[in-house]
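# Topology and contacts: notes
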Amino acid sequence: MNDEIRKLKPENVWKHFADICSIPHPSRNEAAIREYIVAFAKEHGLDYTVDGADNVIIRKPATAGMEDRKEIILQSHLDMVPQKNGDKVFDFDKDPIETVIDGEWVTANGTTLGADNGMGVAATLAVLESKDLKHGNIEALFTASEEVGMDGAFGLQAGELKGDILMNLDSETEGELYVGCAGGVDVNASFDYTPTAGCPEGYGAMQIEITGLRGGHSGMEIILQRANANKLLFRLLRGTIAKYEIKLASVDGGGLRNAIPREARAVVLIPDYYAEPFSRDVTEYEKLITAEFKGIEDGISIKTSSTDIPVGYIDDSTALRLTDAVCGCPNGVISMSTSMPGLVQTSSNLARVVSKDGKISIQCLVRSSVNSEKFNLAADISSVLRLAGAESEHTGAYDGWNPNMDSAILKTMRESYEKLYGKKPEIMAIHAGLECGIIGGVYPNLDMISFGPTICFPHSPDEKVNIESVGKFWDFLCYTLENAPVK
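This is a predicted model, so every value here is computed, not measured.

Under the criterion given, the structure shown has 3 cavities of 30 Å³ or more. Roughly 40 Å³ of internal volume is contained in the largest cavity. What lines the largest cavity is simply E174, G175, E176, L177, Y417, F451, G452, F473 and F476. Among the secondary structure elements, those contributing two or more residues to the lining of the largest cavity are β8 (176–181) and α11 (467–482). Residues belonging to the lining of the largest cavity are distributed by class as follows: 5 nonpolar, 2 polar and 2 charged. Lining the second largest cavity are A115, D116, N117, M119, G120, L169, D170, S171, E172, P453 and I455. With 5 residues, helix α3 (residues 115–129) is the single largest residue contributor to the lining of the second largest cavity.

Laid out in structure tokens, this is it:
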């Protein structure tokens, strides 16, 4: 199936992307893709290093006559977000991505595609492989586990890189040059409880299932105001848990921190005589939510079904406090940038709510281009959760990347894009956590920029990459390397 994309232009990029799609590489299971990169370096006689954080660095010397150019680091990450539709049978640790050509786009069959950031990796390999491209000294930095904590970027040590310019190939709109990004911090909270064994007499078990939401990248798509499955589930419970004397047995909502939750499920115990009216209320709730999100979410499904009696349930006090906490937890866009219209400044993604073995875990990802606002929002979320009786902590904080409008590589790429395409590129900042912010903290003198092909709906099974944009991205990359600033 992946052989079809090998015929697309430019073939030297698409062939590597096809190989990448054939190698399972979800976050923190990247050994196989790392081995592929190392084997590539060996095959082409290139110097390489695998550092202590599982990053791979490959070095290619300048072509003749280009030794006076500033050294460029081409940076991309090895991992992909593993998300699939609920009815898709797929194991990201074992199965290759099934690519599909859909008109002007390449997408995947029921799963994320991994163009984020497989396209950056593929383009870098094409540069390293090329015998014709003119360029100065190149370092290719392939970082580990970006999607689940930027592990590779955090683990990068001073002295490993020698380059002057870092070109991050992880942006997702062709024709835009990114010169800044948001920082982030994780909020982790938990409730401890002792499960109440058994099932009250006269109760039956039902599963509530919310599916069909669009989800997406919690930085890029947060501005689209898509529904959060966790918020929808607990909003339903808030309106029904006391009314129908419901006992909450378990909850499993959302997934990765940086993906807007698409699905959520709960198992509840409910008196038999309330089963039918509760199901009617759920049907009405589905209609209500569908109307609220008209034009944003067109596939919302909120259903109930009978299920097996669980071994126990969450005590009423904890269930009510949890419900209040999730409903009250800030989520979505919090503020917009005043300096760059249209850019989200601060947001929160209520990414995960799950119960298991006497513990309920809640995970949020807070993003902001303003550090003080980022930490204040994280503290606000913790305040809400603590009022409900949860323990809370903040982890994985990283700073954003402040724009440098006097950047030499920005000047070069502005001019290059205009010469190639007859128009100016858009200069942007992004409400997502590019690795530039972290790498720049280790290498403060790096001149940095980020760009890439057009990728829509990353971090969701709707992810797709525009075929034409890949060709423009490749041509722009090559032209920039050939015209890199002089030292």
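Back to the text.
A few words on the side chain of S460. Note on placement: S460 falls in the loop between β22 (455–456) and β23 (464–466). The class of S460 is buried, set by a relative accessible area of 0%. A polar contact is formed between the side chain of S460 and the backbone oxygen of F457, at a distance of 3.0 Å. Setting aside anything within four residues of it in sequence, one finds S460 in contact with Q83, T111, T112, R214, G216 and R262.

Quantified by volume, the largest pocket comes out at close to 450 Å³. As for the largest pocket, its lining consists of 29 residues, of which E146, E147, V148, G149 and N258 are closest to the centre. Breaking the lining of the largest pocket down by element, the ones donating at least two residues are β9 (183–192), β18 (359–368) and β19 (391–398). The residue makeup of the lining of the largest pocket, split by class, is 11 nonpolar, 9 polar and 9 charged.

To continue, consider the pattern of salt bridges. Under the counting rule described, the total for this entry stands at 26 salt bridges. One salt bridge connects D19 with R6, and the closest N-O pair in it is separated by 2.6 Å. Of this pair, D19 sits in helix α1 (residues 11–22) while R6 is found in the segment before α1, placing the two residues 13 residues apart along the sequence. What makes R6 partly exposed here is its relative accessible area of 27%. In this structure, E286 and K303 form a salt bridge, with 3.3 Å as the shortest nitrogen-oxygen distance. Of this pair, E286 sits in helix α6 (residues 275–292) while K303 sits in strand β14 (residues 301–306), and the two are 17 residues apart along the sequence. Take E286: its relative accessible area is 13%, and that puts it in the buried class. You can call K303 partly exposed: its relative accessible area is 43%.

The rules we used
Residues numbered from 1 in each chain as written. Predicted model: local features only at pLDDT ≥ 70, side-chain atom pairs only at ≥ 80, totals over all residues. Heavy atoms only, no water. 1 Å grid on protein atoms, 1.4 Å probe; cavity = no way out; pocket = protein on both sides within 12 Å on 5 of 7 lines; lining within 4 Å. Points joined across faces, edges and corners; volume = space filled by probe spheres on them. Helix = DSSP H or I, 4+ residues; strand = E, 2+ residues; numbered from the N terminus. Nonpolar A, V, L, I, M, F, W, Y, C, P; charged D, E, K, R; others polar. Buried < 20%, exposed > 50% of the residue type's maximum accessible area, 1.4 Å probe, protein only. Polar contact = N/O pair within 3.5 Å; in protein donor to acceptor, adjacent residues only side chain to side chain. Contact = heavy atoms within 4.5 Å. Salt bridge = Lys/Arg side-chain N within 4 Å of Asp/Glu carboxyl O.

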